[in-house]
Amino acid sequence: MATPASLEYAEEFVPEDDILRTARRRGIEVGARPILPGCGAALCFLATVVNARSVVEVGTGCGVSGLWLLRGMRPDGTLTSVDVEPEHQRMARQTFAEAGFSGSRIRLIGGRALDVLPRLADGGYDMVFCDAAKQEYIDYLTESVRLLRRGGVVVFGDAFCDDQVADPTQRDPDTVALRELGKLVRNDDRLRPLMLPLGSGLLAAVKLD
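Just so we're clear, the structure is a prediction, and the values are computed from it rather than from any experiment.

**Considering the layout of surface pockets**
Empty pockets left among the atoms are what a rolling probe the size of a water molecule brings to light. Roughly 670 Å³ of internal volume is contained in the largest pocket. Forming the boundary of the largest pocket are 35 residues, of which Arg33, Gly59, Asp131, Ala132 and Lys134 lie nearest the centre. Residue assignment for the lining of the largest pocket shows that the elements contributing at least two residues are helix 4 (64-72) and strand 2 (78-83). By residue class, the composition of the lining of the largest pocket is 15 nonpolar, 11 polar and 9 charged.

Quick look at the structure:
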């Protein structure tokens, strides 16, 4: 079993560069908590593994997760990122530009994810990453399964909910929603699930058909 020191080593195994560190500072300053480096490296890895050309991100933040995704995607890939905060998306666009990604590679859509996702094409995406309103995660799962092609991957951030999901005495709405999400993903015959103990947890699943 991994020790805390091993988990810390894994988290820092693929370090952030200056652009990511700057984006992280921006996110912390405006209250858009970014994923940790280990989670970012996992997103980049998964985007590469599925040869992602079309990715949906729910929760743009200030561009940390989006930049990791873009770096793992195909050179002709497009990231579609949804967020309710226009200022966060403005800062994310700045991050992407600083990293050398042209505007044609990024489609930023303002609004609630549950208003935007139903307008996206069935089976048109290789990967979906969700890191937004935890109590909407189950609805994001429904939309993600529809959006993904066969062999596509869905990933949910903060799957441990600040280490509360594993504690049965914790019954706040976010924690309960994440526990239910885990059960749904694990028991869905259309999906092959995996829980990654990086950062605050990543719940991933491959769409089988």
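**A look at the nonpolar core**
Of all hydrophobic cores here, the largest spans 32 residues; its most connected members are Phe96, Met127 and Val155. When residues of this core are traced back to their parent elements, those giving at least two are helix 2 (18-30), helix 3 (37-49), helix 4, helix 5 (86-98), strand 3 (106-110), strand 4 (125-130), strand 5 (148-157) and strand 7 (202-207). Counting residues per element, this core draws most heavily on helix 3, at 7 residues. In this structure, Met127 is in contact with Leu43, Leu46, Ala47, Ser54, Val55, Val56, Leu69, Leu148, Val153 and Val155, ignoring residues within four places of it in sequence. Of all hydrophobic cores here, the second largest spans 27 residues; its members include Val145, Leu147, Val185 and Ala205.

**Brief notes about the state of the cysteines**
Summed over all chains, the structure comprises 0 disulfides. No disulfide involves Cys39; its sulfur sits 13 Å from that of Cys44, the nearest cysteine. Just so you know, Cys161 is unpaired, no disulfide at all, and the nearest cysteine sulfur is the one on Cys39, 14 Å from it. Look at Cys161 and you get buried, because its relative accessible area is 5%.

**A word on the packing of aromatic side chains**
With the rule as written, the count across this model stands at 3 aromatic pairs. Residues Tyr137 and Tyr140 carry aromatic rings whose centres are separated by 5.9 Å and whose planes lie at 45 degrees to one another, so their mutual orientation is tilted. Within this pair, Tyr137 and its partner Tyr140 are both found in helix 7 (residues 137-147), separated by 3 residues, close to a single helical turn. The two residues Tyr137 and Tyr140 agree in class, both being buried. Ring centres of Tyr137 and Phe156 lie 5.1 Å apart, and the angle between their planes is 50 degrees; on these two criteria the pair is classed as tilted. Taken together, the residues span a long stretch of sequence, with Tyr137 in helix 7 and Phe156 in strand 5 at a distance of 19 residues. Note on accessibility: Tyr137 and Phe156 belong to one class, buried. Members of the aromatic cluster, each reached through a chain of ring pairs, are Tyr137, Tyr140 and Phe156.

**Thoughts on the pairing of strand 5**
Among the 10 residues in strand 5, 7 count as buried, and that is most of the element. Where strand 4 meets strand 5, 5 bridges bridge the pair, whose relative direction is parallel. If you follow Cys130 over to strand 5, its bridge partner there is Phe156. With helix 7 bridging strand 4 and its parallel neighbour strand 5, the resulting β-α-β unit is right-handed. Where strand 5 lies against strand 7, 5 bridges are found, and the strand directions are antiparallel. Bridge pairing links Phe156 to Leu203 in strand 7.

**Points about a nonpolar patch on the surface**
Together, Tyr9, Phe13 and Val14 line one region of the surface with nonpolar side chains, adding up to about 350 Å² of accessible area. You can see Val14 is positioned in the loop between helix 1 (4-11) and helix 2. Taking the relative accessible area as the measure of exposure, Val14 reaches 35% and is therefore partly exposed.

**Looking at the pattern of salt bridges**
Enumeration according to the criterion identifies 17 salt bridges in this entry. Where salt bridges share partners, they join Arg33, Asp131, Lys134, Asp158 and Asp162 into one cluster.

**Points about helix 5**
Relative to the 18 Å expected for 13 residues at 1.5 Å per residue, helix 5 spans 19 Å between its end C-alpha atoms, a close match to the ideal helical length. The complete set of buried residues in helix 5 reads His88, Gln89, Met91, Ala92, Thr95 and Phe96. In an axial view of helix 5, the angular spread of the buried residues amounts to 160 degrees, which keeps them on one side of the axis. Across helix 5 from its buried face, at more than 90 degrees, point the exposed residues Pro86 and Ala97. Looking at the packing, one finds that the buried side of helix 5 touches helix 2, helix 4, strand 2 and strand 3. Where helix 5 ends, the next residue or the one after it, Gly100, has phi of about 90 degrees, a positive value.

Cut-offs used in this document
In every chain, residue numbers begin from 1 and rise along the written sequence. Totals for whole chains, interfaces and linings use all residues, but because this is a predicted model, local features are given only for residues with pLDDT of at least 70 and pairs of side-chain atoms are given and counted only at 80 or more. Only hydrogens and water are set aside when side-chain values are computed; all heavy atoms of the structure are taken into account. With a 1 Å grid laid over protein atoms only, a set of points is called a cavity when a 1.4 Å probe fits there but cannot get out and a pocket when it is open yet has protein on both sides within 12 Å along at least five of seven lines; lining residues have an atom within 4 Å of a point. Grid points are joined across faces, edges and corners, and a volume is the space filled by probe spheres set on the points. Numbering of helices and strands starts at the N terminus; helices are DSSP runs of H or I of at least 4 residues and strands are runs of E of at least 2. Residue polarity follows a fixed list, in which Ala, Val, Leu, Ile, Met, Phe, Trp, Tyr, Cys and Pro are nonpolar, Asp, Glu, Lys and Arg are charged, and the others, Gly among them, are polar. The nonpolar core is taken to be a set of buried Ala, Val, Leu, Ile, Met, Phe, Trp, Tyr and Cys residues, with the residues joined through side-chain atoms within 4.5 Å. Note on classification: 1.4 Å probe, protein chains only; a residue is buried when its accessible area is under 20% of the maximum for its type, exposed when over 50%, partly exposed between these limits. Only heavy atoms enter the contact rule, under which two residues are in contact if any of them lie within 4.5 Å. Note on terminology: pairs of cysteine sulfur atoms within 2.5 Å are recorded as disulfides. A pair of Phe, Tyr and Trp rings is counted when the ring centres sit within 6.5 Å of each other, with Trp represented by its six-membered ring. The angle between the planes then sorts it: under 30 degrees is stacked, over 60 is edge-to-face, the rest tilted. Only strands joined by at least two bridges in the DSSP assignment are considered to pair. By convention, a crossover is right-handed whenever its connection, traced from the first strand over the helix to the second and viewed with the strands pointing away, goes clockwise. Any residue with relative accessible area above 30% and no salt bridge may belong to a patch, with like charges joined within 9 Å and the nonpolar Val, Leu, Ile, Met, Phe, Trp and Tyr side chains within 5 Å. Calculation of accessible area relied on Shrake-Rupley with a 1.4 Å probe; when residues are assessed, cover is drawn exclusively from the protein chains displayed. Salt bridge, as used here, is a side-chain nitrogen of Lys or Arg placed within 4 Å of a carboxyl oxygen of Asp or Glu. Helix span, as expected, comes to 1.5 Å for every residue beyond the first. Throughout, the arc means the angular range of directions from the helix axis out to the C-beta atoms.

Remember, this is a structural readout, not a statement about activity or role.
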